[in-house]
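# Descriptive structure summary
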Amino acid sequence: MVFTHDTEAALQAAVELVNSADDPDTLSSPDDLAEFLERWEYTGRHDGTARELEDVRDLRPMLRALLTADRDRAVVLVNAMLAEAHAVPQLTRHGRHDWHVHAVSGTEALATRIAVETAMAMVDVIRADEMTRLGTCADDACGGVVLDLSRNRSRRFCSTTCGNRHAVAAYRARQAEHG
Ligand SMILES: [Zn+2]
Ligand SMILES: [Zn+2]
């Protein structure tokens, strides 16, 4: 593990959320959001309303800016996000999740909690000077965010789809060369 479990999960969820905005948008209904929350085991308030969905969708450009920022810029964004939400880090334990940090109450709006959770995860990334774990997809046609938690820092594509497309293109290029 590069970071603690809760930090890695928060980063992975944030990357998935940001990449859901890529065409075709995969976060377009309250059901999509409910699935996302279940997949990442979100607890706390979940209104299930169109407004909540809209707020979470609107969060994506800001999270994208944060995840792809340089280190000093990320610090500015993280500090602003934590201040705006009046974040108070508290250790908590629930369900099968051992002690980890929640920095705002579970009764706060979902979009606020996702923003704060991502900001808290970025605190770890910034302090460990591991911003290079985040980048954009090596496929030129894709703007997806990539989170590389691999030991040998080998991850270059945002998804297996992009990785496969790249492999096929490289194969064809080799065939053409030797054809
Ligand atoms: Zn929790
Ligand atoms: Zn990609």
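For the structure given in this document, a descriptive report is provided here. Bear in mind that the values here come from a model prediction, so they are computed numbers and not experimental data.

Once that is clear, we can look at the overall build of the protein chain. Assigned secondary structure in the protein chain consists of six helices and four strands. Helices and strands appear in the protein chain in the N-to-C order α-α-α-α-β-β-α-β-β-α. What you see for the protein chain is a C-alpha radius of gyration of 18 Å, in line with the 16 Å of a compact globule of 179 residues. For the protein chain, the spread of C-alpha atoms along the principal axes amounts to about 65 × 35 × 30 Å. The buried share among the 179 residues of the protein chain stands at 36%. Taking the contacts inside the protein chain whose residues are at least 6 apart along the sequence as the reference set, 55% of them involve residues at least 24 apart. In the protein chain, the 20 positive side-chain charges and the 29 negative ones have mean positions that sit 5 Å from each other.

Okay, the coordination of the zinc ion (ligand 2) next. For a metal bound by four donors in tetrahedral geometry, the ideal donor-metal-donor angle is 109.5 degrees, whereas six donors in octahedral geometry ideally sit at 90 or 180 degrees. The zinc ion (ligand 2) binds to the protein through C137 (SG), C142 (SG), C158 (SG) and C162 (SG); the donor distances cover 2.3 to 2.4 Å. For the zinc ion (ligand 2), the single-chain donor residues occur in sequence as C-x4-C-x15-C-x3-C. Within this pair, whereas C142 is found in the loop between β3 (134–136) and β4 (145–147), its partner C158 is found in the loop between β4 and α6 (160–178), the two being separated by 16 residues in sequence. Considered together, C142 and C158 belong to a single accessibility category, that of buried residues.

H94 (NE2), H100 (NE2) and H102 (NE2) make up the full set of protein donors to the zinc ion (ligand 1), lying at 2.0 Å. In terms of primary sequence, the donors binding the zinc ion (ligand 1) are separated according to H-x5-H-x1-H. A relative accessible area of 22% means that H94 is categorised as partly exposed. On the basis of relative accessible area, H100 is assigned to the buried category, the value being 11%.

This next bit is on the packing of helix α4 (residues 71–84) against helix α5 (residues 110–127). Two numbers describe how α4 lies on α5: the axes approach to 9 Å, and their chain directions differ by 145°. The crossing of α4 and α5 is left-handed. For the pair formed by α4 and α5, the contact residues are R71, A74, V75, V78, M81 and L82 on the first element and A115, V116, A119, M120, M122, V123, I126 and R127 on the second. Each residue belonging to the contact of α4 with α5 can be placed in one class, and the counts come to 12 nonpolar, no polar and two charged.

Definitions and cut-offs
- Residues numbered from 1 in each chain as written.
- Chains lettered and ligands numbered in written order.
- Predicted model: local features only at pLDDT ≥ 70, side-chain atom pairs only at ≥ 80, totals over all residues.
- Heavy atoms only, no water.
- Helix = DSSP H or I, 4+ residues; strand = E, 2+ residues; numbered from the N terminus.
- Rg over C-alpha atoms; globule rule 2.2 N^0.38 Å.
- Buried < 20%, exposed > 50% of the residue type's maximum accessible area, 1.4 Å probe, protein only.
- Contact = heavy atoms within 4.5 Å.
- Lys, Arg positive; Asp, Glu negative; His and termini not counted.
- Charge placed at Lys NZ, Arg CZ, Asp CG, Glu CD.
- Donors = N, O, S within 2.8 Å, 3.2 Å for Na, K, Ca; no water.
- Axes fitted to C-alpha atoms, helices over the stretch in contact; angles between N-to-C directions.
- Left-handed = near helix turned anticlockwise from the far one by under 90°.
- Nonpolar A, V, L, I, M, F, W, Y, C, P; charged D, E, K, R; others polar.

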